[in-house]
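A structural walkthrough
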Amino acid sequence: MSARERPESDLPLTGLPSQLLHDLRSPLNQIIGYSEMLSEEVEGQRREDFLKIRAAGHRMLAVIEENFTSIGSAEHDREEPPAELFVVPQQRVATPGLLLVVDDDAENRDVLSRRLARQGHEVITASSGSEALHRMRESAFDLVLLDIMMPDMDGYEVLGHIKADEHLQHIPVIMISALNELQSVVRCIEAGAEDYLSKPFNPILLKARTDSCLEKKRCRDRETALFEQLQENYKRLQEVEKLRDDMRNMIVHDLRTPLTAMLLGVEMLEQDGTLDTMQHELAGIAAGGGKTLLGMINDLLDVEKMEAGSTQLQYDAISADALVASALGQVASLARDGRNTLVAEISAGLPSFPGDANKLTRTLVNLIGNAIKFTEGGTVTIAVTQNGESIRFAIQDTGEGIPSEAFARIFEKFGQLDSRRVGTGLGLAFCKLAVEAHGGKIDVESTLGVGSTFSFTIPLTR
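We now turn to the structure provided with this report. Within each chain, residue numbers correspond to sequence positions counted from 1 in written order. Given that the model is predicted, a residue must reach a pLDDT of at least 70 before its local features are reported, and side-chain atom pairs must reach 80 or more before they are shown or counted; all residues, however, enter totals for whole chains, interfaces and linings. Values shown for side chains rest on all heavy atoms present in the structure; no hydrogens or waters enter the calculation.

**Concerning the nonpolar core**
The criterion, for reference: By convention a nonpolar core is built from buried Ala, Val, Leu, Ile, Met, Phe, Trp, Tyr and Cys residues, the set being connected through side-chain atoms within 4.5 Å. Per-residue accessibility, obtained with a 1.4 Å probe over protein chains only, is compared with the maximum for each type, and a residue is labelled buried under 20%, exposed over 50%, and partly exposed between these values. The helix and strand labels rest on DSSP assignments: H or I over at least four residues marks a helix, E over at least two residues marks a strand, and numbering proceeds from the N terminus. In this description, contact between two residues means that some pair of their heavy atoms is separated by no more than 4.5 Å.
Residues Phe353, Leu364, Ile368, Phe393, Ile395 and Phe456 are the most contacted members of the largest nonpolar core, which totals 36 residues. Elements with a contribution of two residues or more to this core: α9 (320–337), α10 (357–373), β9 (379–387), β10 (390–397), α11 (427–437), β11 (441–447) and β12 (451–459). Beyond its immediate stretch of four places on either side in the chain, Ile395 contacts Leu364, Leu367, Ile368, Ala371, Val380, Thr381, Ile382, Ser452, Thr453, Phe454 and Phe456. Listed in part, the 25 residues of the second largest apolar core include Met150, Tyr156, Ile162 and Ala193.

Given below as structure tokens:
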């Protein structure tokens with residue numbers, strides 16, 4: 001007869017202290033546990049005898065729960081579990097783990113440790129919470145099985161210390177108790193426990209829950225290892241990139257000196273009155289190629305300096321008219337060669353603004369030069385207007401246009417639209433860095449087959 005079916009006068013006694021119930025159940029848990037393990041090792045009549053011992057232990061537990069615990073905590077089925085439920089085939093787990101069993105009762109530690117060892121795990125035990133924390137700081141455990149009711153420091157307090165320690169909090173914890181109380185289960189899970197098991201242990205349930213916790217731990221360990229490897233690879237990549245950049249800068253810087261000397265020699269040769277027409281033309285070609293190469297070297301060095309934040313802008317009061325005139329003077333011959341028309345549309349009465357004239361002129365020259373390069377027999381318009389507290393420069397062409405997916409790439413260092421576009425990929429990178437160094441913003445709009453507009457703004461105040 002269950003507790004529900006009894007007359008009111010036969011209802012169970014309730015309200016016994018949890019420690020007393022724990023002390024009553026613990027030896028029965030040990031009897032059940034040892035008998036289960038022994039029954040797995042023998043056959044025939046001896047196995048039946050051990051199963052009878054186990055059955056008697058379960059009946060004794062049922063009597064305790066029905067007579068000395070509240071109805072609410074004893075509503076689960078009191079029927080004795082079938083023997084087959086406790087017969088676990090002798091098989092080792094795929095990946096054994098290092099487990100810590102924490103219990104103040106030596107026999108309880110022994111029963112659980114032997115059961116886990118049969119599953120293939122390496123098991124270390126601790127008889128108190130303080131010992132458990134000490135062992136956890138000494139060894140890298142994969143799982144902790146922690147008893148709740150212990151003197152001095154109970155399982156709740158130990159769990160709190162584990163989850164508060166950044167070196168231990170990733171270790172999964174299964175809480176263990178001889179009392180099957182819902183409130184205790186909820187408290188453990190809310191405090192960070194991975195799972196909860198009640199004594200006596202169902203061997204199949206014990207294996208399933210330990211395997212599940214270990215698998216989660218291994219997945220997290222793999223993620224951590226991959227993340228650490230990623231960080232290490234990124235650090236090495238940064239070191240390699242810095243070495244590459246340093247070597248490139250050294251080579252480029254060293255190239256500038258002999259190249260300057262070569263250009264000086266070619267210019268002096270051009271001034272020599274003994275050269276014939278063909279020789280003058282060849283000297284001019286050499287000088288032009290040398291100046292182009294020197295410009296590329298200067299662009300690279302300037303881009304590297306601006307990226308490193310080591311470039312100081314030389315601020316002056318700049319007139320938009322003078323800035324555009326200077327840039328157009330440098331690209332006029334290029335426009336004639338491409339049969340393009342240059343148009344300047346500068347709003348009247350524009351105020352002067354602070355900026356580095358050299359870098360802003362180079363920015364305009366790069367943008368206008370690109371527009372001319374990719375426009376043939378068309379029009380390149382340079383429009384300058386006041387846009388609120390900024391001056392806006394827009395360079396519009398009637399060229400072939402740029403696909404929208406390439407907008408971000410073309411402003412990157414060494415970024416190029418495609419293999420047909422000959423260049424270093426430094427011009428637009430320089431423009432972007434120079435504009436942003438002034439506190440402005442650069443942008444692009446384009447329609448394939450219609451043309452492109454590159455624009456940038458420079459603040460009116462420094």
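**Observations regarding the pattern of salt bridges**
Heads up, the rule is: The term salt bridge refers to a pairing of a side-chain nitrogen on Lys or Arg with a carboxyl oxygen on Asp or Glu at a separation within 4 Å.
With the rule as written, the count across this model stands at 12 salt bridges. Measuring nitrogen to oxygen at the nearest pair gives 3.5 Å for the salt bridge that ties Asp142 to Lys217. Separated by 75 residues along the polypeptide, Asp142 in the loop between α4 (129–138) and β3 (143–147) and Lys217 in helix α7 (residues 203–270) bring together distant segments of the chain. A relative accessible area of 6% means that Lys217 is categorised as buried. Here Lys216 ties to Glu194 by a salt bridge, and the two come within 3.1 Å at their closest N and O atoms. Highlighted residues: Lys216 in helix α7 and Glu194 in the loop between α6 (182–190) and β5 (195–198), separated in sequence by 22 residues. Counted as one network, the salt bridges with shared partners bring together Asp142, Lys217 and Asp221.

**Details of unusual backbone geometry**
You will see that Asp152, though not glycine, has its phi angle at about 65°, which is positive. Assignment of secondary structure puts Asp152 in the loop between β3 and α5 (155–164). When its relative accessible area of 84% is taken as the criterion, Asp152 is described as exposed. Of note in the backbone geometry, Arg339 takes a positive phi value of approximately 55° without being a glycine. Looking at the element boundaries, Arg339 is found in the loop between α9 and β7 (341–346). Residue Arg339 is classed as exposed on the basis of its relative accessible area of 56%.

**Focus: the sheet that holds β11**
Defined as follows: Any two strands are treated as partners once DSSP identifies two or more bridges connecting them. Orientation is described by lines fitted to C-alpha atoms, with helices fitted over the stretch in contact, and by angles between N-to-C directions that extend from 0 to 180 degrees.
Judged by pairing direction, the sheet is mixed, and its 5 strands sit side by side in the order β7-β9-β10-β12-β11 without closing on themselves. Sheet topology places β7 and β11 at the edges, where each strand pairs with a single neighbour. The sheet shows a mean angle of 15° between the axes of neighbouring strands, taken without regard to direction. As paired strands, β11 and β12 are joined by 7 bridges and run antiparallel to one another. Note that in β12 the partner of Thr447 across the bridge is Gly451. Strand contacts of α9: β7, β9 and β10, with the helix running at about 175° to β7, the strand carrying the most contacts.

**Considering the packing of α10 against α11**
Working note: a packed helix pair is described by the angle between its axes plus the distance between those axes. For clarity, the threshold we go by: Should an angle fall under 35 degrees it is called roughly parallel, over 145 degrees roughly antiparallel, and 65 to 115 degrees roughly perpendicular, with every other angle called oblique. Two helices crossing with the near one rotated counterclockwise from the far one by less than a right angle form a left-handed crossing, whereas a clockwise rotation gives a right-handed crossing. Residues are sorted three ways: Asp, Glu, Lys and Arg are charged, Ala, Val, Leu, Ile, Met, Phe, Trp, Tyr, Cys and Pro are nonpolar, and all the rest, Gly among them, are polar.
Contact geometry of α10 with α11 gives a least axis separation of 9 Å together with a crossing angle of 140°. In terms of axis orientation, α10 runs oblique to α11. Once α10 is placed against α11, the crossing between them reads as left-handed. Facing α10, whose interface residues are Lys359, Arg362, Thr363, Asn366, Leu367 and Asn370, α11 presents Gly427, Leu428, Phe430, Cys431, Ala434 and Val435. Considering only residue class, the contact of α10 with α11 consists of 6 nonpolar, 4 polar and 2 charged.

**Overview of the sheet that holds strand β1 (residues 98–102)**
Reading across from one edge, β2-β1-β3-β4-β5 is the order of the 5 strands in this open sheet, with parallel pairing throughout. Each edge of the open sheet is held by one strand with a lone partner, namely β2 (122–126) and β5. The mean angle between the axes of side-by-side strands here comes to 20°, regardless of whether they run parallel or antiparallel. Across the face of the sheet, α5 comes into contact with β3 and β4 (173–177) while running at roughly 175° to β4. Contacts from α7 reach β1, β3, β4 and β5, with the element oriented near 160° to β5.

**With respect to the environment of Cys188**
By the element assignment, Cys188 lies in helix α6. Along the backbone, Cys188 and Tyr156 are 32 residues apart, and their C-alpha atoms lie at a distance of 7.0 Å.

**With respect to the packing of α4 against α5**
Where α4 contacts α5, the two axes come as close as 10 Å, and the packing angle between them is 25°. Our classification of the angle between α4 and α5 gives roughly parallel. Crossing of α4 over α5 shows right-handed handedness. Of α5, the residues touching α4 (which contributes Gly129, Leu133 and Met136) are Val158, His161 and Ile162. When its residues are assigned to classes, the contact of α4 with α5 shows 4 nonpolar, 2 polar and no charged.

**Section: the packing of aromatic side chains**
The condition is simple: Two rings from Phe, Tyr or Trp (for Trp, the six-membered ring) form a pair when their centres sit within 6.5 Å of each other. Planes less than 30 degrees apart are called stacked, planes more than 60 degrees apart edge-to-face, and all others tilted.
Overall, the coordinates contain 3 aromatic pairs when judged by the stated rule. With 4.9 Å between their ring centres and 10° between their planes, Phe393 and Phe456 make a pair best called stacked. Placement of the pair is Phe393 in strand β10 and Phe456 in strand β12, with a sequence separation of 63 residues. For the pair Phe393 and Phe456, a shared accessibility class is recorded, and that class is buried. Here Phe411 and Phe454 contribute two aromatic rings whose centre-to-centre distance is 6.1 Å and whose plane-to-plane angle is 70°, an arrangement assigned as edge-to-face.

**Some points on the pairing of β2**
Stated formally: By the criterion used throughout, a crossover qualifies as right-handed when its path from the first strand across the helix to the second strand runs clockwise, the strands pointing away from the viewer.
Alignment of β1 against β2, held across 5 bridges, turns out to be parallel. Counted as the bridge partner of Leu100 is Ile124 from β2. Of the crossover connections in this fold, the one passing from β1 over helix α3 (residues 106–118) to the parallel β2 is right-handed.

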